[in-house]
Amino acid sequence: MELDLDTVADELYRLRPEEFTATRAARMAAARTAGDRALADRIAKLRRPSLSAWASNLLVHERASEVEPLLRLGEGLRQAHRDLDGGQLRELSHRQRVLISTLSRQAGQLAAQAGHPITEAARLEVENTLRAVLADPEAAKEWASGRLVKPLAAGTGFPAMSADAPATPRPAASSGPARPATKATTKATAKAATTERRRRIAQARKEADEAARELRTREKEAATASREAFAAKKHWDEAQQRVSDLSTELQHAREQQQQARSAEQTAREHARTADRKLRETRRRAEAAAAGVERLSTQEP
């Protein structure tokens, strides 16, 4: 792999936080080996991300198609707030709630699939990061890089408007001296205000109930995903342990094979030495027997 800062940073900020430090050290060592001390120093300055920042980075890298819609939504929301466009704000604020909920859930799923499920507190930090992205163009740029080190703070930002929030009223043009309000007019106005208030409370309660139901559904989905991730991690750990055990057995068998081969070679060498000594001894015995027989046949 050709080393440069962008390549290394993209790799590091996709890794699980517990893998970050060791991999960074390995890339620093590779840069030094290649003679690029400046690159090694720049890699050393890359900081390990928090759990929620890592999940936000995963979202950018693994769900790249979701980045541009969120950035466009943030631009639209900021423009609508500048224009005080109530109708546009109501529509965009609804999309904001839906998109933040969807993306934070996806970030949790990606983290679980990567083998490190995030906590509820970390998921809320992901949501706050996404709100900051919508409110602040600089935060949006930082998030889109996929290299967050810590969650972004939404700051003052702008609040999400409720679906029934009225548009900002414009002052009416004056057509003459104001007429004094009658008791009937005042009573009708108060009644209308009470009715509107009750309607808005009912609408808020309805939205709260819907949000609570959706929250329970998402919590169940997250719990299921976490259990599946835990089971998959356990299975992986068992398989890894089995591989380790088999590797140890294979190494032991190879050592025994090497010892057996060495013993076989030693035995063969002993056999050859014994055979040579046997032949030499036989020749001496035959020569001695022949000498005896010659002496025996000689006349006195």
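Placed above this text is the structure.
Residues numbered from 1 in each chain as written. Predicted model: local features only at pLDDT ≥ 70, side-chain atom pairs only at ≥ 80, totals over all residues. Heavy atoms only, no water.

K.L.:
Please provide a residue-by-residue account of the environment of arginine 105, values included.
P.N.:
By secondary structure assignment, the location of arginine 105 is in helix α6 (residues 86–113). Looking at arginine 105, the relative accessible area reads 21%, which means it is partly exposed. It is 9.2 Å that separates the C-alpha atoms of arginine 105 and glutamate 127, two residues lying 22 residues apart in sequence. (Helix = DSSP H or I, 4+ residues; strand = E, 2+ residues; numbered from the N terminus. Buried < 20%, exposed > 50% of the residue type's maximum accessible area, 1.4 Å probe, protein only.)

K.L.:
Which residues make up the packing of helix α1 (residues 5–12) against helix α2 (residues 17–33), and what values do they have?
P.N.:
It is the contact of α1 with α2, at a shortest axis distance of 10 Å, that shows an interaxial angle of 160°. Between α1 and α2, the angle is such that the two are roughly antiparallel. As α1 packs across α2, the resulting crossing turns out to be right-handed. For the pair α1 and α2, contact is made by Val8, Glu11 and Leu12 and by Phe20, Thr23, Arg24 and Arg27, respectively. In the contact of α1 with α2, the residues fall into 3 nonpolar, 1 polar and 3 charged. (Axes fitted to C-alpha atoms, helices over the stretch in contact; angles between N-to-C directions. Parallel < 35°, antiparallel > 145°, perpendicular 65-115°, else oblique. Left-handed = near helix turned anticlockwise from the far one by under 90°. Contact = heavy atoms within 4.5 Å. Nonpolar A, V, L, I, M, F, W, Y, C, P; charged D, E, K, R; others polar.)

K.L.:
Pulling in residues and values, what's your account of the pattern of salt bridges?
P.N.:
Pairing between side chains becomes possible if they bear opposite charge and their charged atoms approach one another. Scanning the entire structure with this criterion turns up 12 salt bridges. Residue aspartate 10 is joined to arginine 147 by a salt bridge in which the shortest nitrogen-to-oxygen separation is 3.4 Å. Placement of aspartate 10 in helix α1 and of arginine 147 in the loop between α8 (137–144) and α9 (183–297) is noted, with a sequence separation of 137 residues between them. Relative accessible area serves as the criterion here: at 29%, aspartate 10 is assigned to the partly exposed category. Residue arginine 272 is joined to glutamate 269 by a salt bridge in which the shortest nitrogen-to-oxygen separation is 2.6 Å. Separated by 3 residues within a single helix, arginine 272 and glutamate 269 lie in helix α9, roughly one turn from each other. Connected through shared salt-bridge partners, Glu120, Arg123, Glu127 and Arg131 make up one network. (Salt bridge = Lys/Arg side-chain N within 4 Å of Asp/Glu carboxyl O.)

K.L.:
Any details on the nonpolar core? Residues and values, ideally.
P.N.:
Leu59, Leu70, Leu130, Trp143 and Leu152 are the most contacted members of the largest nonpolar core, which totals 30 residues. Listed by contribution, the elements that provide at least two residues to this core are α4 (51–62), α5 (67–83), α6, α7 (120–135) and α8. A per-element tally of this core places α6 first, with 7 residues. Among residues more than four places away in sequence, those in contact with tryptophan 143 are Ser56, Leu59, Val60, Val67, Leu70, Leu71, Thr129, Leu130, Val133, Leu148 and Leu152. Core analysis: the second largest hydrophobic core is formed by 13 residues, Leu5, Leu12, Tyr13 and Leu46 among them. (Core = buried A, V, L, I, M, F, W, Y, C linked by side-chain atoms within 4.5 Å.)

K.L.:
Could you give me a rundown of the packing of aromatic side chains, with the residues and numbers involved?
P.N.:
Inspection of the entire model under this criterion finds 1 aromatic pair. Taken together, a centroid distance of 5.4 Å and an interplanar angle of 50° make the contact between tyrosine 13 and phenylalanine 20 tilted. Pair check on accessibility: tyrosine 13 and phenylalanine 20 agree, each one buried. (Phe/Tyr/Trp six-rings, centres within 6.5 Å; stacked < 30°, edge-to-face > 60°.)

K.L.:
With reference to specific residues and values, describe α4.
P.N.:
Between the first and last C-alpha of α4 there are 16 Å, a value that for 12 residues agrees with the 16 Å anticipated at 1.5 Å per step. Across the 12 residues that make up α4, a large majority, 10, are buried. (Expected span 1.5 Å × (residues − 1).)

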